[in-house]
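Now for the letters of each chain:
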Amino acid sequence: MAADRLAADGHTFDRTYTRARPDAHVDLVHQLDGQVRERVRREGVDPQREAVVVRRIAEDVVRDHDQLSLTGAVAPIADDGAMVGELVARVSGFGPLQPFLDDPEVEEVWINDPSRVFIARRGRHELTNLRLDAAQVNELVERMLKSSGRRLDISTPFVDAMLPEGHRLHVVLEGITRGFTAVNIRKFLLRAHRLSDLVALGSMTSQAARFLEASVRAGLNILVAGGTQAGNPSKR
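Residues numbered from 1 in each chain as written. Predicted model: local features only at pLDDT ≥ 70, side-chain atom pairs only at ≥ 80, totals over all residues. Heavy atoms only, no water.

Student: Just checking my understanding: could you explain the packing of helix α3 (residues 51-69) against helix α4 (residues 80-91) for this structure?
Tutor: Each packed pair of helices is defined by two parameters, the angle between the axes and the distance between the axes. Between α3 and α4, whose axes approach to 9 Å, the crossing angle comes to 135°. For the element pair α3 / α4, the angle class is oblique. For the pair α3 and α4, the crossing hand works out as right-handed. For the pair formed by α3 and α4, the contact residues are Val-54, Arg-55, Ala-58, Glu-59, Val-62 and Asp-66 on the first element and Asp-80, Met-83, Val-84, Gly-85, Leu-87, Val-88 and Val-91 on the second. Of the residues that constitute the contact of α3 with α4, the class distribution is 8 nonpolar, 1 polar and 4 charged. (Axes fitted to C-alpha atoms, helices over the stretch in contact; angles between N-to-C directions. Helix = DSSP H or I, 4+ residues; strand = E, 2+ residues; numbered from the N terminus. Parallel < 35°, antiparallel > 145°, perpendicular 65-115°, else oblique. Left-handed = near helix turned anticlockwise from the far one by under 90°. Contact = heavy atoms within 4.5 Å. Nonpolar A, V, L, I, M, F, W, Y, C, P; charged D, E, K, R; others polar.)

Shown next as structure tokens:
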């Protein structure tokens, strides 16, 4: 397949450059990430509270790079939108875990080992192709705990915290586990707003829904029970 090429000032670049060479893509992401972080610091932006501003800065950085690529000085970006999303995730979100947190089908994320990142989707566990290293895991944990105001150290080797979107975070300090920091994120997914939604999802029958509604209206005591991931705390 013929490559889509751009010629400018006597230079020719392959538009598939960043797709064909993963190392080049990683280098480019690091370069643009540094530019975004520098502007965030210079403008005094809180990256976690002002994600909209971080996105605007990322868009500006990507746009400037695209303009420079027209001169042939740098390779063009294969997908501007994807690059902006990746930069925002790295600076304002939770880096490589952010796509799983944004995916409405993913219910849980956990790291049993930096090279083994699992998710639960529709009640089924999956081993992802995401591979991290210990430094990346520690940086992610530090960022997540910063948003919750909690800390992880020898005095508190187990931490339970709440992430900004309502997801529940559980972290175990390296040393308590076998040589790495273990992470578990149970996402808060609201798929049913009313009893009729639970009936439509098949979670309960229409008769059970009417009985539950009548019990609530009558002020009766109601015991909520269920297995792991059934959402018991969410129903209380």
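Student: Help me out: how do you make sense of the pattern of salt bridges in this one?
Tutor: Here the idea is simple: oppositely charged side chains can pair when their charged atoms come close. Evaluation of the coordinates by the stated rule reveals 15 salt bridges. Where Asp-197 meets Arg-194, a salt bridge forms, and the shortest distance between an N and an O atom there is 3.6 Å. A relative accessible area of 16% places Asp-197 in the buried class. Its relative accessible area of 53% is what places Arg-194 among the exposed residues. Overlapping salt bridges, with partners in common, bring together Arg-39, Glu-43, Arg-56, Asp-60 and Arg-63 in one network. (Salt bridge = Lys/Arg side-chain N within 4 Å of Asp/Glu carboxyl O. Buried < 20%, exposed > 50% of the residue type's maximum accessible area, 1.4 Å probe, protein only.)

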